[in-house]
Number of protein chains: 4
Amino acid sequence: MLEDLKAEVCQANIELQRQRLVIYSWGNVSGIDRSKELVAIKPSGVAYDKLKPADIVLVDLDGKVVEGALKPSSDTPTHLELYRNFAEIGGVCHTHSTNATVWAQACKPIPCLGTTHADYFYGEIPVTKVMAKSDVEGEYELNTGKAIVQTFSSIDYGEVPAVLVANHGPFTWGESPGGSVETAVILEQVAEMALKCASLGGRLTPIPDALLDKHFLRKHGKSAYYGQ
Amino acid sequence: MLEDLKAEVCQANIELQRQRLVIYSWGNVSGIDRSKELVAIKPSGVAYDKLKPADIVLVDLDGKVVEGALKPSSDTPTHLELYRNFAEIGGVCHTHSTNATVWAQACKPIPCLGTTHADYFYGEIPVTKVMAKSDVEGEYELNTGKAIVQTFSSIDYGEVPAVLVANHGPFTWGESPGGSVETAVILEQVAEMALKCASLGGRLTPIPDALLDKHFLRKHGKSAYYGQ
Amino acid sequence: MLEDLKAEVCQANIELQRQRLVIYSWGNVSGIDRSKELVAIKPSGVAYDKLKPADIVLVDLDGKVVEGALKPSSDTPTHLELYRNFAEIGGVCHTHSTNATVWAQACKPIPCLGTTHADYFYGEIPVTKVMAKSDVEGEYELNTGKAIVQTFSSIDYGEVPAVLVANHGPFTWGESPGGSVETAVILEQVAEMALKCASLGGRLTPIPDALLDKHFLRKHGKSAYYGQ
Amino acid sequence: MLEDLKAEVCQANIELQRQRLVIYSWGNVSGIDRSKELVAIKPSGVAYDKLKPADIVLVDLDGKVVEGALKPSSDTPTHLELYRNFAEIGGVCHTHSTNATVWAQACKPIPCLGTTHADYFYGEIPVTKVMAKSDVEGEYELNTGKAIVQTFSSIDYGEVPAVLVANHGPFTWGESPGGSVETAVILEQVAEMALKCASLGGRLTPIPDALLDKHFLRKHGKSAYYGQ
């Protein structure tokens, strides 16, 4: 069932390693079929080198396994919470990429310090609140998703397709599984630049709004004129 | 038309990726035929892996497309402003290479801290002024070029073939498209060293003039004795 | 004798180089056969490119060579002290990997700053005391092992399978030679993130205990639910 | 003439690039035949990819070209000054490797902060004095060599086979051309660790003498017991 989606999700997970965003089994990508309301996701703890489309697990939006011999990623409840709340997204990606994770560990949002950032994210990359003890000890992975959704109560998830989970690491999303991985690659690059910028003297004030508008809107939305 | 130039520009764009100065479609190189007053430039948003000489767009110095099925780079007006004002240059390169972009984001010039820098740049790498809101909201890419040209009103563009656009990233130039890419590679290396030098205790005073003269002039100008 | 163990130890040493944890001959991995009380270890100063299973040296727990034409690693007495005191371990690994060594040189433990760390280490990575002059001038490599063992007098070596030897570098261990190398790779990654986190503003307080418990215990122990 | 030496010097220069110590033509290695008093050195400005043994230039100790169609490296007078004064060395290497150059640009010696350093260098890596204007404007490359020799008036060049030329970059030496390159690789690694150690809180006091003695002397001199 959903062989194309499973192949796409498999390929997107392998891309994580090719882009050096993960080592061992430190990340996972999923994709959704909105008409069937089924999510295809990486199995837990499987190495990318050995991953085959047939290993990809299908779950419904309540987390029930619908197809697949393996256990889905332990982060599955986080992915599902995002799919349930962010109606337009088609793929979700989670990594522990070095520089983005550093900002997450520092519990600091990544300010928009340049046009590279503005080309992809319409403002700072937010960080979730630090989760309460009861949220950690309860349904932890679900509560991680809830913390992300709460962070976006006043931010448009389509304009800022990434978040830093406090003390943990980044999640990104997009129209497709591959798109969510591309955003993860760009986030890592932006995070590295911002980290080095901080080391060069501490100006962490964002670029002017006019420049943010110019760069984001020349690539996104109705008036975009970048690309073919 | 101008098949050799298009092949050279195509190759120089591919070199951006091979030298790890860009990811995805984050950079562009152009070249000019001064006798025909035509510029060959990368098409907008096309991946380097798929770029062929036939994809390269030819435009005149007013930006009118003369040949090519694709839209030229959205940064084309910046390139053209440089060709119109820097009469001796044959190629222009724009990247978001990590370390040079960090200095651009910090709106700080890169001081000449060592002979590696002095071998290629006769003084600091300047940063443009921060562009006014009206310049950003108006003909942005053209105004970016104007900001660069203004920065060089008191600097010889032949002696310092690179600039940092404030809040954005580097542009470099040279006698040829390939030469502008080589300068971009060297700028990135010099930017990394200067960034690390700053982290080691903050001395950001330039090297003595005599040493700058010695290194720049042994490789450039009439008395050069480096190379064959 | 013990051909399988020697092949496994040989492969684990070669993995050190493949994972970029070592250059030249800067590291060594060993493995133990608990029933025979014999340790297989890399010969001293041999390049990884040329290492063959037949080069691996077998020593008893007192350090006497039982098989092999080459001299064992000069760090052998450190490995043996760990095998004598940490009864459950099957492999030991020593590297000079860049970021872990930086923390060792700074004589600072690596605090648990995020869930990446918590997934593998149940608390901070400790640093040994600085060794006394007499310990250095005496049986140095044996005394290095004793300093490690002393550091773990109040830490469970199964929960924190890594240590930083002050002024020197990391040792890691695991159920097998390959497992000790995997821990060395993860330690290096965690050390890099913690170093960059420190550069971003100095918060080096550990994550909440509840989050540490959650991440360590979902991968380790009776209640683990990560993986297949 | 001296075909073996020229092949060895050619190979050592190519190794510079393979070890990522240089880009373009930013480095050079030489070797000496002490019986013939001839030095084989890289030609100036030639890319490593294209370097062949027949391109290597032979010069006498006064710098006169004895064999070869190309101009020798512009740094040749520096190499010759080292061969004339350091009687036991067989090879010299000069690079602009990133981290070692950062220390050179900062005009700071690299303190011995750990045993990785102590395994190869018996104390700090010194930095030359900043050269006087007259020395720069005079026979610059010869004077660079003289500044290095002066730095070693109170240091044993056999115990510390590396120097940082102030505002410039590192020179290393060894028993052979390949040995000088190996030392350059190790210097770069040690420089990176020391730079990161500085960023972690500023302790730049060297390790205790007893530990320095132990590590240096277990690999070097009469009582060495490392290796086969």
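So, how was this worked out
- Residues numbered from 1 in each chain as written.
- Chains lettered and ligands numbered in written order.
- Predicted model: local features only at pLDDT ≥ 70, side-chain atom pairs only at ≥ 80, totals over all residues.
- Heavy atoms only, no water.
- Helix = DSSP H or I, 4+ residues; strand = E, 2+ residues; numbered from the N terminus.
- Rg over C-alpha atoms; globule rule 2.2 N^0.38 Å.
- Buried < 20%, exposed > 50% of the residue type's maximum accessible area, 1.4 Å probe, protein only.
- Contact = heavy atoms within 4.5 Å.
- Lys, Arg positive; Asp, Glu negative; His and termini not counted.
- Charge placed at Lys NZ, Arg CZ, Asp CG, Glu CD.
- Least-squares fit on C-alpha atoms with pLDDT ≥ 70 in both.
- Pairing = 2+ DSSP bridges.
- Buried area = accessible area lost by both parts, 1.4 Å probe.
- Salt bridge = Lys/Arg side-chain N within 4 Å of Asp/Glu carboxyl O.
- Axes fitted to C-alpha atoms, helices over the stretch in contact; angles between N-to-C directions.
- Parallel < 35°, antiparallel > 145°, perpendicular 65-115°, else oblique.
- Left-handed = near helix turned anticlockwise from the far one by under 90°.
- Nonpolar A, V, L, I, M, F, W, Y, C, P; charged D, E, K, R; others polar.
- 1 Å grid on protein atoms, 1.4 Å probe; cavity = no way out; pocket = protein on both sides within 12 Å on 5 of 7 lines; lining within 4 Å.
- Points joined across faces, edges and corners; volume = space filled by probe spheres on them.
- Polar contact = N/O pair within 3.5 Å; in protein donor to acceptor, adjacent residues only side chain to side chain.
- Phe/Tyr/Trp six-rings, centres within 6.5 Å; stacked < 30°, edge-to-face > 60°.
- Lys NZ or Arg CZ within 6 Å of the ring centre and 35° of its normal.

Peer 1: Help me out: how do you make sense of the overall build of chain A in this one?
Peer 2: Secondary structure assignment for chain A yields eight helices and seven strands. Scaling as 2.2 N^0.38, a compact globule of 228 residues should have a C-alpha radius of gyration of about 17 Å, and chain A matches this with 17 Å. C-alpha atoms of chain A, sized along the principal axes, occupy 50 × 45 × 35 Å. Every one of the 228 residues in chain A was classed for burial, and the buried ones make up 62%. Summarising the internal contacts of chain A: among those between residues at least 6 apart in sequence, 64% fall at separations of at least 24. In chain A, 21 side chains carry a positive charge and 28 a negative one; their mean positions are 4 Å apart.

Peer 1: Where do I start with the arrangement of the chains in this structure?
Peer 2: At the C-alpha level, the nearest point of chain B lies 10 Å from chain C, with no contact between them. A minimum C-alpha distance of 10 Å separates chain A and chain D, which share no contact.

Peer 1: Sorry if this is basic, but what is going on with the relation of the copies chain A and chain C here?
Peer 2: Note on the chain copies: they are related by a rotation about an axis and a translation along it. Its rotation angle being 90°, the transformation that places chain A on chain C also includes 0.1 Å of axial translation and leaves an RMSD of 0.0 Å. Interpreted geometrically, this transformation is the action of a four-fold axis. Ranked by how close their C-alpha atoms come to the rotation axis, the residues of chain A are headed by A:Ser199, at 4.8 Å.

Peer 1: Mind showing me how you'd approach the pairing of strand S3 (residues 57-60) of chain C here?
Peer 2: The two faces of a sheet get side chains in turn, since along a regular strand they alternate between them. Residue and element names in this part refer to chain C. Here S3 shows no split at all, with Val57 and Val59 on one side and Leu58 and Asp60 on the other all buried. Of the strand pairs in this sheet, strand S2 (residues 38-41) and S3 are connected by four bridges, and their pairing is antiparallel. Residue pairing in the sheet places Leu38 in a bridge with Asp60 of S3. In terms of strand pairing, S3 meets strand S4 (residues 65-67) through two bridges, oriented antiparallel. Bridge pairing in S4 places Leu58 opposite Glu67.

Peer 1: How should the interface of chain B and chain A be read in this particular structure?
Peer 2: How big an interface is tends to be stated in terms of the accessible area lost upon association of its parts. Counting residues at the interface gives 31 residues for chain B and 30 residues for chain A. Here chain B and chain A share an interface that buries about 2,800 Å² over both sides, 56% of which is from carbon and sulfur atoms. Taken together, the links from chain B to chain A amount to two salt bridges. Every element with two or more residues in the side of chain B that touches chain A is listed here: helix H3 (98-105), helix H5 (133-137), helix H6 (140-151) and helix H7 (177-199) of chain B. Ranked by residue count, the leading element in the side of chain B that touches chain A is H3(B), at six residues.

Peer 1: Is there a simple way to think about helix H8 (residues 209-219) of chain A in this case?
Peer 2: Judged by how many residues are buried, H8(A) sits mostly within the fold: eight of 11 residues are covered. Buried residues of H8(A): A:Ala210, A:Leu211, A:Leu212, A:Lys214, A:His215, A:Phe216, A:Arg218 and A:Lys219, and no others. Buried residues along H8(A) sit in contact with helix H4 (115-118) of chain A together with H5 and H6 of chain B. Where H8(A) ends, the next residue or the one after it, A:Gly221, has phi of about 85°, a positive value.

Peer 1: How should the environment of A:Lys196 be read in this particular structure?
Peer 2: Mapped onto the elements of the fold, A:Lys196 is located in helix H7 (residues 177-199). Discounting chain neighbours no more than four positions away, the residues touching A:Lys196 are B:Thr98, B:Asn99, B:Val102 and B:Leu195.

Peer 1: For this particular structure, what's the right way to read unusual backbone geometry?
Peer 2: Glycine aside, negative phi is the norm for most residues, and most peptide bonds take the trans geometry. Residues and elements named next belong to chain C. Even without glycine at this site, Arg20 takes up a positive phi of about 60°. Here Arg20 is to be found in the loop between helix H1 (3-18) and strand S1 (27-33). With a phi close to 55°, Cys107 is a non-glycine residue in the positive phi region. Assignment of secondary structure puts Cys107 in the loop between helix H3 (98-105) and helix H4 (115-118).

Peer 1: Teacher, can you tell me more about the packing of H3(C) against helix H7 (residues 177-199) of chain D here?
Peer 2: The angle between the axes and the distance between the axes are what describe a pair of packed helices. Here H3(C) crosses H7(D) at 55°, and the two axes come no closer than 9 Å. Between H3(C) and H7(D), the angle is such that the two are oblique. The two elements H3(C) and H7(D) cross, and the hand of that crossing is right-handed. Residue-level inspection shows C:Thr98, C:Asn99, C:Thr101, C:Val102 and C:Gln105 of H3(C) in contact with H7(D), the latter providing D:Gln189, D:Glu192, D:Met193, D:Lys196 and D:Cys197. A class-by-class count of the residues in the contact of H3(C) with H7(D) yields three nonpolar, five polar and two charged.

Peer 1: Hey, could you run me through the sheet that holds strand S1 (residues 27-33) of chain B in this one?
Peer 2: The strands making up a sheet associate through backbone hydrogen bonding, with each pair oriented either parallel or antiparallel. All names here are of chain B. Pairing is antiparallel in the open sheet, where seven strands are placed in the order S4-S3-S2-S1-S5-S7-S6. A single partner strand is all that each edge strand has here, and the edge strands are strand S4 (65-67) and strand S6 (162-165). Between one strand axis and the next, the sheet turns by 25° as a mean value, whatever way the strands run. Relative to strand S5 (residues 91-95), S1 is paired through five bridges, and the arrangement is antiparallel. Bridge pairing in S5 links Gly27 to Thr95. Its contacts with the sheet put helix H1 (residues 3-18) on S1, strand S2 (38-41), strand S3 (57-60), S4 and S5, and the angle it makes with S1 is roughly 155°.

Peer 1: So what exactly am I meant to see when it comes to the side chain of D:His117 here?
Peer 2: By the element assignment, D:His117 lies in helix H4 (residues 115-118). Those residues in contact with D:His117, other than ones at most four positions away along the chain, are D:Ile110, D:Pro111, D:Cys112, D:Gly123, D:Glu124, D:Ile125 and D:Val190.

Peer 1: Explain the layout of surface pockets here, please?
Peer 2: One water molecule sets the probe size; rolling that probe over the atoms shows where empty space is left. Residues and elements named next belong to chain B. Considered as a void within the structure, the second largest pocket measures approximately 830 Å³ in volume. Along the walls of the second largest pocket sit 28 residues, with Gly158, Pro161, Glu175, Thr183 and His220 positioned nearest its centre. Elements that contribute at least two residues to the lining of the second largest pocket include exactly strand S7 (169-174), H7 and helix H8 (209-219). No other element matches the four residues that H7 contributes to the lining of the second largest pocket.

Peer 1: What's the story with the interface of chain A and chain C in this structure? I'm lost.
Peer 2: Each side of the interface is counted separately: chain A has 31 residues, and chain C has 30 residues. Buried area between chain A and chain C, summed over both chains or domains, comes out near 2,800 Å², and the portion from carbon and sulfur atoms is 56%. When the area that chain A buries against chain C is broken down by residue, the three leading residues are A:Tyr24, A:Trp26 and A:Gln105, summing to 24%. In this structure, the connection of chain A to chain C is made through two salt bridges. At the junction of chain A with chain C, the criterion picks out 15 residue pairs in polar contact (both at pLDDT 80 or more).

Peer 1: So what exactly am I meant to see when it comes to the packing of aromatic side chains here?
Peer 2: Remark: the centre distance and the inter-plane angle together describe each pair of aromatic rings, the angle taken between the planes. In total, this model carries 24 aromatic pairs over all chains according to the counting rule given. Between the aromatic rings of A:Tyr122 and A:Phe216, the centroid separation amounts to 4.6 Å while the plane-to-plane angle is 10°, which identifies the pairing as stacked. Of this pair, A:Tyr122 sits in the loop between H4 and helix H5 (133-137) while A:Phe216 sits in helix H8; the two residues are 94 residues apart in sequence, bridging distant segments of the chain. Looking at A:Phe216, the relative accessible area reads 5%, which means it is buried. Here the basic side chain of B:Lys219 rests over the ring of B:Tyr226, its NZ or CZ set 4.1 Å away from the ring centre.

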